[in-house]
Amino acid sequence: MKKLFIFALMMMLSMSDLALGKVNPDQAPDENSEEAEIGNFDFIYGPQDNLNEAFERTEMLMSEAFSHLGTRYRSGAKGPSAFDCSGFTSYVYKQQTDVFIGASSRDQYARNIPITRDELQCGDLVFFTSPRSGRGVGHVGIVVDVNPISRTFTFIHASTNEGIKISNSTDSGYAKRYIGARRVQL
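Just so it is clear, the model here is predicted, and its values are computed rather than measured.

Engineer: Explain the packing of aromatic side chains to me, using residue names and the numbers behind them.
Structural biologist: A full pass over the atoms with the stated rule returns ten aromatic pairs. Pairing Phe 128 with Tyr 178 gives two aromatic rings, centres 5.9 Å apart and planes at 70°, and the pair type is edge-to-face. Residue Phe 128 is found in strand S4 (residues 125-128), and its partner Tyr 178 is found in strand S8 (residues 178-183); the two are separated by 50 residues along the sequence. Given a relative accessible area of 0%, Phe 128 falls into the buried group. Their ring planes at 85° and their centres at 5.2 Å tell us that Phe 155 and Tyr 174 sit as a pair that is edge-to-face. Within this pair, whereas Phe 155 is found in strand S6 (residues 152-159), its partner Tyr 174 is found in helix H7 (residues 172-175), the two being separated by 19 residues in sequence.

Quick look at the structure:
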């Protein structure tokens, strides 16, 4: 079996364009060629430096948010010993990006860039109604993880009963109250 695998691998390598001399490994493909278009993912992710920088920023943002897990809830509190929902999100962003994202959940919803649920990424803000807000914005959290297949997400936020915690968008308290999402311009 091992010999058969090695033989098949050798056959595939010998039939490759590189082995047949059709491609010079030192020569970049013509920028108008199909290979250049397929190999260039900058149109999706941007330059690699920006990707690394964005990843590091998001990692630091999440680290700051997670460092407050379990911190108690207090209405109007802006941290770090207690938070309300918008106090928590604004504190985390201010600490890690020095960007003011808004004071209240309504202000954060109005001030930041609207995105669809399909565009959600770690670090985005997600908004919900609350019992007191009727159909308007009343609660905010920060996206921790996204499942693009089920279109669900987890988020970290200041819960009135449990303080800073992680919840899922499918939790009964949040599933029907979702309003929308925003991205913070950094």
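There is more to say after this.
Engineer: Could you give me a rundown of the nonpolar core, with the residues and numbers involved?
Structural biologist: The biggest cluster of nonpolar side chains holds 20 residues, and the ones touching the most others in it are Phe 88, Tyr 93, Leu 125, Ile 142 and Ile 156. Elements that contribute at least two residues to this core include exactly helix H4 (48-66), helix H5 (85-97), S4, strand S5 (139-147) and S6. Sort the elements by how many residues they give to this core and H5 lands first, with five residues. In terms of nonpolar packing, the next biggest core, distinct from the first, is built from nine residues, Phe 128, Phe 155, Tyr 174 and Ala 181 among them.

Engineer: Let's hear about H5: which residues, and what values?
Structural biologist: Helix length check: H5 (13 residues) gives 18 Å between terminal C-alpha atoms against 18 Å at 1.5 Å per residue, within 8%. In terms of burial, H5 is a largely internal element, ten of the 13 residues being buried. All of the buried residues in H5 are Cys 85, Ser 86, Gly 87, Phe 88, Thr 89, Ser 90, Tyr 91, Val 92, Tyr 93 and Thr 97. Of the residues one or two after H5, Asp 98 is the one with positive phi, at around 60°.

Engineer: Explain the environment of Asp 84 residue by residue, including any values.
Structural biologist: Summarising the element assignment, Asp 84 is placed in the loop between strand S2 (82-83) and H5. Sequence separation of Asp 84 and Val 140 is 56 residues, and the distance between their C-alpha atoms is 9.5 Å. If sequence neighbours within four positions are ignored, Asp 84 has contacts with Tyr 73, Arg 74, Ser 75, Gly 76, Ala 77, Lys 78 and Ala 158.

Engineer: Can you lay out a nonpolar patch on the surface for me, pointing to particular residues and giving the numbers?
Structural biologist: A cluster of nonpolar residues, Phe 66, Leu 69 and Ile 166, forms a patch on the protein surface that exposes about 240 Å² of accessible area. Note on placement: Ile 166 falls in strand S7 (residues 163-168).

Engineer: An account of the layout of surface pockets is requested, with residue identities and associated values reported.
Structural biologist: The volume enclosed by the second largest pocket comes to roughly 470 Å³. Along the wall of the second largest pocket there are 25 residues; nearest its centre are Tyr 73, Cys 85, Arg 132, Gly 138 and His 139. Those elements that provide at least two residues to the lining of the second largest pocket are H5, helix H6 (105-111) and S6. Split by residue class, the lining of the second largest pocket holds seven nonpolar, twelve polar and six charged.

The rules behind each value
Residues numbered from 1 in each chain as written. Predicted model: local features only at pLDDT ≥ 70, side-chain atom pairs only at ≥ 80, totals over all residues. Heavy atoms only, no water. Phe/Tyr/Trp six-rings, centres within 6.5 Å; stacked < 30°, edge-to-face > 60°. Helix = DSSP H or I, 4+ residues; strand = E, 2+ residues; numbered from the N terminus. Buried < 20%, exposed > 50% of the residue type's maximum accessible area, 1.4 Å probe, protein only. Core = buried A, V, L, I, M, F, W, Y, C linked by side-chain atoms within 4.5 Å. Expected span 1.5 Å × (residues − 1). Contact = heavy atoms within 4.5 Å. Patch = residues over 30% accessible without salt bridge, like charges linked within 9 Å, V, L, I, M, F, W, Y side chains within 5 Å. Areas by Shrake-Rupley, 256 points an atom, 1.4 Å probe, with all protein chains shown as cover. Salt bridge = Lys/Arg side-chain N within 4 Å of Asp/Glu carboxyl O. 1 Å grid on protein atoms, 1.4 Å probe; cavity = no way out; pocket = protein on both sides within 12 Å on 5 of 7 lines; lining within 4 Å. Points joined across faces, edges and corners; volume = space filled by probe spheres on them. Nonpolar A, V, L, I, M, F, W, Y, C, P; charged D, E, K, R; others polar.

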